[in-house]
Amino acid sequence: MSEPASISAGIAARYATAIFEIAKENKDLKGLETGINDLAAALGESADLRNLIASPLVSRAEQEAAITAIAKKMKLGAMLANSLGLMAQKRRLFVLPQLLKALKDALAEERGEVTADVTSAKALTKTQIEKLTKTLSERVGKSVTINATVDESLIGGLVVKVGSKMIDSSIRSKLNSLQNAMKEVG
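Residues numbered from 1 in each chain as written. Predicted model: local features only at pLDDT ≥ 70, side-chain atom pairs only at ≥ 80, totals over all residues. Heavy atoms only, no water.

Some thoughts on the pairing of strand β1 (residues 113–120)
Part 1 of the reasoning: Along β1, the buried face is formed by Val114, Ala116, Val118 and Ser120; none of Glu113, Thr115, Asp117 and Thr119, which line the opposite face, is buried.
Part 2 of the reasoning: The pairing of β1 with strand β2 (residues 143–150) spans eight bridges and is parallel. Bridge pairing in β2 links Ser120 to Val150.
Part 3 of the reasoning: Handedness of the β1-helix α7 (residues 126–140)-β2 crossover: right-handed. (Buried < 20%, exposed > 50% of the residue type's maximum accessible area, 1.4 Å probe, protein only. Helix = DSSP H or I, 4+ residues; strand = E, 2+ residues; numbered from the N terminus. Pairing = 2+ DSSP bridges. Right-handed = clockwise from strand over helix to strand, strands pointing away.)

Structural data, given as structure tokens:
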């Protein structure tokens, strides 16, 4: 991870921890989840919003006024809206995407869930996803949500990432291993 990316992740993690703990104390995790889902959807749909949080040309006051108006229009909870205002005052809105991811991860952890990123050469069938979910849930000991993507360069097999663990059973990686072994011999 590059230094600016790790700094952004660190800033986002600190804000996420504070926001999550306050929401938990206020017993408003459901409201927090609704707010971050709405905010993530707005961020994905609006280039203007992405520009607002990232542009150094927008002053602190303008950022704060705009994000406060957006939060009010979206009917975000007071705690989340106040946090966004504070982030604007401190010029920290640029970490909003990382903040939303960190909050989603914290909410999933609280519910005992974990997300598995699964990459396959072809789209997985519903039955395959169900079997994989069951197997991973037994292995991890938590409820698993599958985030499936397709990468045809794998040729066959799967690459599964759960937290910091990765299982690569793709044919591409096996061919690369075989190629490396042949280079060592000859």
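Digging into a nonpolar patch on the surface
Part 1 of the reasoning: Taken together, the side chains of Ile155, Ile171, Leu175, Leu178 and Met182 make up a nonpolar region of the molecular surface, amounting to roughly 490 Å² of accessible area.
Part 2 of the reasoning: By secondary structure assignment, the location of Met182 is in helix α8 (residues 171–185).
Part 3 of the reasoning: Assessed through its relative accessible area of 56%, Met182 is described here as exposed. (Patch = residues over 30% accessible without salt bridge, like charges linked within 9 Å, V, L, I, M, F, W, Y side chains within 5 Å. Areas by Shrake-Rupley, 256 points an atom, 1.4 Å probe, with all protein chains shown as cover. Salt bridge = Lys/Arg side-chain N within 4 Å of Asp/Glu carboxyl O.)

Brief notes about the packing of helix α4 (residues 60–74) against helix α5 (residues 78–89)
Part 1 of the reasoning: Where α4 contacts α5, the two axes come as close as 8 Å, and the packing angle between them is 165 degrees. Considering their axes alone, α4 and α5 lie roughly antiparallel with respect to each other. In terms of crossing hand, the pair formed by α4 and α5 is right-handed. Of α5, the residues touching α4 (which contributes Arg60, Gln63, Glu64, Ile67 and Ala71) are Ala81, Leu84, Gly85, Ala88 and Gln89.
Part 2 of the reasoning: Its residues assigned to classes, the contact of α4 with α5 shows five nonpolar, three polar and two charged. (Axes fitted to C-alpha atoms, helices over the stretch in contact; angles between N-to-C directions. Parallel < 35°, antiparallel > 145°, perpendicular 65-115°, else oblique. Left-handed = near helix turned anticlockwise from the far one by under 90°. Contact = heavy atoms within 4.5 Å. Nonpolar A, V, L, I, M, F, W, Y, C, P; charged D, E, K, R; others polar.)

Considerations on the pattern of salt bridges
Part 1 of the reasoning: Tallied over the entire structure, the rule returns six salt bridges.
Part 2 of the reasoning: Note that Glu110 is salt-bridged to Lys24, the shortest N-O span being 3.2 Å. Highlighted residues: Glu110 in helix α6 (residues 96–111) and Lys24 in helix α1 (residues 3–25), separated in sequence by 86 residues.
Part 3 of the reasoning: Asp151 is the partner of Arg172 in a salt bridge, and the nearest nitrogen-oxygen pair spans 3.8 Å. In this pair, Arg172 sits in helix α8 while Asp151 sits in the loop between β2 and β3 (158–162), placing the two residues 21 residues apart along the sequence.
Part 4 of the reasoning: By relative accessible area, Arg172 is classed as partly exposed at 32%.
Part 5 of the reasoning: When salt bridges with common partners are traced through the structure, they connect Glu33, Arg111 and Glu113 into a single cluster.

Regarding the pairing of β3
Part 1 of the reasoning: Bridging between β1 and β3 involves five bridges; their strand directions are antiparallel. If you follow Ala116 over to β3, its bridge partner there is Val162.

A few points about α7
Part 1 of the reasoning: Given a rise of 1.5 Å per residue, 15 residues ought to cover 21 Å, and the 21 Å separating the end C-alpha atoms of α7 matches this to within 8%.
Part 2 of the reasoning: Phi for Gly141, located one or two positions after α7, is positive at around 85 degrees. (Expected span 1.5 Å × (residues − 1).)

Examining the packing of helix α2 (residues 29–45) against α6
Part 1 of the reasoning: At their nearest, the axes of α2 and α6 sit 10 Å apart, and the two run at 145 degrees to each other. The handedness of the crossing between α2 and α6 comes out as left-handed. Taking contact as the criterion, the partners of Leu29, Leu32, Glu33, Ile36, Asn37, Leu39, Ala40 and Leu43 in α2 are, on α6, Leu96, Pro97, Leu100, Leu103, Lys104, Leu107, Glu110 and Arg111.
Part 2 of the reasoning: For the contact of α2 with α6, a count of residues per class yields eleven nonpolar, one polar and four charged.

Side note on the side chain of Ser170
Part 1 of the reasoning: You can see Ser170 is positioned in the loop between β4 (165–168) and α8.
Part 2 of the reasoning: If we skip the residues at most four places from it in the chain, Ser170 touches Leu154, Gly156, Gly157, Leu158 and Val159.

Focus on the side chain of Ser173
Part 1 of the reasoning: Turning to its location among the elements, Ser173 is positioned in helix α8.
Part 2 of the reasoning: One polar contact links Ser173 to Asp168, side chain to side chain, over a distance of 3.2 Å.
Part 3 of the reasoning: Among the polar contacts made by the side chain of Ser173, one reaches the main-chain carbonyl oxygen of Ser170 at a distance of 3.0 Å. (Polar contact = N/O pair within 3.5 Å; in protein donor to acceptor, adjacent residues only side chain to side chain.)

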